[in-house]
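If you want the building blocks of each chain, they are given just below.
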Amino acid sequence: DSGVTQTPKHLITATGQRVTLRCSPRSGDLSVYWYQQSLDQGLQFLIQYYNGEERAKGNILERFSAQQFPDLHSELNLSSLELGDSALYFCASSPQGTGVDEQYFGPGTRLTVT
Amino acid sequence: AQSVAQPEDQVNVAEGNPLTVKCTYSVSGNPYLFWYVQYPNRGLQFLLKYITGDNLVKGSYGFEAEFNKSQTSFHLKKPSALVSDSALYFCAVRDGNYGQNFVFGPGTRLSVLP
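Further remarks concern the pairing of strand 5 (residues 42-50) of chain A. Residues and elements named next belong to chain A. Burial analysis of strand 5 places 8 of its 9 residues in the buried class, the great majority of the element. Linking strand 4 (residues 31-38) back to strand 5 in an antiparallel pair, the connection comprises 3 residues. With 4 bridges joining them, strand 5 and strand 6 (residues 53-57) adopt antiparallel strand pairing. Within the sheet, the bridge partner assigned to Ile47 lies in strand 6 and is Lys57. Adjacent in sequence and paired antiparallel, strand 5 and strand 6 are bridged by 2 residues, among which Asn51 carries a positive phi angle near 50°.

Encoded structure:
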């Protein structure tokens, strides 16, 4: 158990809908990362937050947004969902969010868009 | 932009034999290199990292990796494979410039045969 929690575990929704994925980092970690894992794209870095501020941005679509709250939990919002958004979404956390930190991954949220 | 290649989709090795999972990278600055392992239906787990210093890095579960700057490689090794090592292995790189994204390789599936 990494100490990172993600809810929900599974999510099934229809095209065009909006969903919110939630992540709680390990106790004491200030940085949160979001990743998308799909069979055809592999593991794609989406976005990183450090202590409430956006720190790095990867291949995140404009339909997706994220934020980190004062209690350090983070939410990833996915809107206008398409079939291709079906994937496993991972959250990870690290102590300081610098490039030298290893990341601790949550168990993931499996999103199925029908 | 940084990139990571894992030239083998699949590596098969007999239990007790040494294993190598290959990784090559490309960055403009100094590389921060990581190996992660993913077991079925689980999040990624950190194995080891190279930031600076000794080129041979030791990590969890008896794994080690050697940083080779001239060959831009960071191959993962273990002297004696276990069946329980069977999993998906990811190499990741972050450019030493602060704020750059993490890039993960496509993953290599390791199968250790009894």
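After that view, the rundown keeps rolling.
What follows deals with the packing of aromatic side chains. Tallied over the full model, the rule gives 16 aromatic pairs over all chains. Seen in terms of ring centroids, Phe90 of chain B and Phe104 of chain B are 6.5 Å apart; in terms of plane orientation they differ by 75°. Their pairing is edge-to-face. Here Phe90 of chain B is found in strand 10 (residues 87-95), whereas its partner Phe104 of chain B is found in strand 11 (residues 102-104), with 14 residues between them in sequence. For Phe90 of chain B, a relative accessible area of 2% puts it in the buried group. By the ring-pair criterion, three or more aromatic residues cluster together here, those being Tyr33, Tyr35, Phe45, Phe90 and Phe105 of chain A together with Phe34, Tyr36, Phe46, Phe90, Phe102 and Phe104 of chain B. One Lys or Arg, Arg26 of chain A, reaches over the ring of Tyr104 of chain A and ends 3.7 Å from the middle of that ring. The ring of Tyr50 of chain A carries Arg55 of chain A above its face, with NZ or CZ at 4.0 Å from the centroid.

Turning to the state of the cysteines, a few remarks are in order. All names here are of chain A. This model, assessed by the stated rule, comprises 2 disulfides over all chains. The disulfide partner of Cys23 is Cys91, and the gap between their sulfur atoms is 1.8 Å. An S-S torsion of about -50° defines the bridge between Cys23 and Cys91 as left-handed. Taken as a pair, Cys23 in strand 3 (residues 19-24) and Cys91 in strand 9 (residues 87-94) lie far apart in primary sequence, 68 residues in all. Judged by its relative accessible area of 0%, Cys23 falls in the buried class.

For the rest of this paragraph, the subject is unusual backbone geometry. Residue and element names in this part refer to chain A. Residues Thr7 and Pro8 are joined by a peptide bond in cis, for which omega reads -10°. Its location among the elements puts Pro8 in the loop between strand 1 (5-7) and strand 2 (10-13). Located in the positive-phi region is Ser80, a residue other than glycine, with phi close to 45°. Its location among the elements puts Ser80 in the loop between strand 8 (74-78) and strand 9. When its relative accessible area of 42% is taken as the criterion, Ser80 is described as partly exposed.

Rules used in this analysis
- Residues numbered from 1 in each chain as written.
- Chains lettered and ligands numbered in written order.
- Predicted model: local features only at pLDDT ≥ 70, side-chain atom pairs only at ≥ 80, totals over all residues.
- Heavy atoms only, no water.
- Buried < 20%, exposed > 50% of the residue type's maximum accessible area, 1.4 Å probe, protein only.
- Helix = DSSP H or I, 4+ residues; strand = E, 2+ residues; numbered from the N terminus.
- Pairing = 2+ DSSP bridges.
- Phe/Tyr/Trp six-rings, centres within 6.5 Å; stacked < 30°, edge-to-face > 60°.
- Lys NZ or Arg CZ within 6 Å of the ring centre and 35° of its normal.
- Disulfide = S-S within 2.5 Å.

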